[in-house]
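As a plain string of letters, each chain reads:
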Amino acid sequence: MAIRLIVDSAADIPRRRAEELGLKILPMMVSFGEEHYRDGEDISAREFYEKLIESDALPTTGQVTPWQFEQAFRQTLQQGDTPVAATVSS
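Quick notes on the rules
Residues numbered from 1 in each chain as written. Predicted model: local features only at pLDDT ≥ 70, side-chain atom pairs only at ≥ 80, totals over all residues. Heavy atoms only, no water. Helix = DSSP H or I, 4+ residues; strand = E, 2+ residues; numbered from the N terminus. Buried < 20%, exposed > 50% of the residue type's maximum accessible area, 1.4 Å probe, protein only. Contact = heavy atoms within 4.5 Å. Areas by Shrake-Rupley, 256 points an atom, 1.4 Å probe, with all protein chains shown as cover. Pairing = 2+ DSSP bridges. Axes fitted to C-alpha atoms, helices over the stretch in contact; angles between N-to-C directions. Salt bridge = Lys/Arg side-chain N within 4 Å of Asp/Glu carboxyl O.

Asks: Would you mind showing me how to read the overall build of the protein here?
Replies: Secondary structure assignment for the protein yields three helices and six strands. For the protein, the α and β elements follow one another from N to C terminus as β-α-β-β-β-α-β-α-β. Taking the principal axes of its C-alpha atoms as reference, the protein extends roughly 50 × 25 × 20 Å. With 90 residues in all, the protein has 23% of them scored as buried. Nonlocal contacts in the protein, meaning residues at least 24 apart in sequence, comprise 53% of its contacts between residues at least 6 apart. Summing over all exposed atoms, the protein offers an accessible surface of approximately 6500 Å²; the carbon and sulfur share of this is 52%.

Encoded structure:
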């Protein structure tokens, strides 16, 4: 049994490195007006900065939902590990 860290994408850890460390990254939502993306899945850091330059709308972010955390915790527990979450705060 191992302790598995679950973080939101605000941790800004590259996916490859997260996999090496056994971390689970849950994507925050990034919105430019009516366009919505899952951070690191639907939009890369490069694409984010390109949109930041091109878009008239300033981006907003949304936190990972409790349901997403619950699913990640359940999966970790089913694997026999102990989940610990570290998230961005206000």
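Asks: Is there a simple way to think about the sheet that holds strand β2 (residues 24-26) in this case?
Replies: With parallel pairing, the three strands of this open sheet are ordered in space as β2-β1-β6. Either end of the sheet is taken by a strand with one partner, and the two such strands are β2 and β6 (82-86). Direction aside, the axes of adjacent strands within the sheet are offset by 25° on average. Relative to β6, strand β1 (residues 3-8) runs parallel, the two sharing five bridges. Its bridge partner being in β6, R4 is matched across the sheet by P83. Here helix α3 (residues 66-78) sits on the sheet and contacts β1, β2 and β6; the angle it forms with β6, its principal contact strand, is near 150°.

Asks: Explain the pairing of strand β4 (residues 35-38) here, please?
Replies: Side-chain positions along a regular strand alternate between the two faces of the sheet. Alignment of strand β3 (residues 29-32) against β4, held across four bridges, turns out to be antiparallel. When the sheet's bridge partners are listed, M29 is paired in β4 with R38.

Asks: Help me understand the pattern of salt bridges, please; the structure alone is not making it clear to me.
Replies: If charged atoms from side chains of opposite charge come close, those side chains can pair. Tallying each qualifying case throughout the model produces seven salt bridges. Between R46 and E50 there is a salt bridge, with the nearest N and O atoms lying 3.6 Å from each other. In this pair, R46 and E50 are both assigned in helix α2 (residues 45-54), four residues apart and thus about one turn of the helix distant. According to the relative accessible area criterion, E50 is partly exposed, its value standing at 38%. For E70, the salt bridge is made with R74, and the minimal N-O distance between the two is 2.6 Å. Of this pair, E70 and R74 both sit in helix α3, four residues apart, which is roughly one turn of the helix. On the basis of relative accessibility, which here comes to 36%, the residue E70 falls in the partly exposed class. Looking at R74, the relative accessible area reads 47%, which means it is partly exposed.

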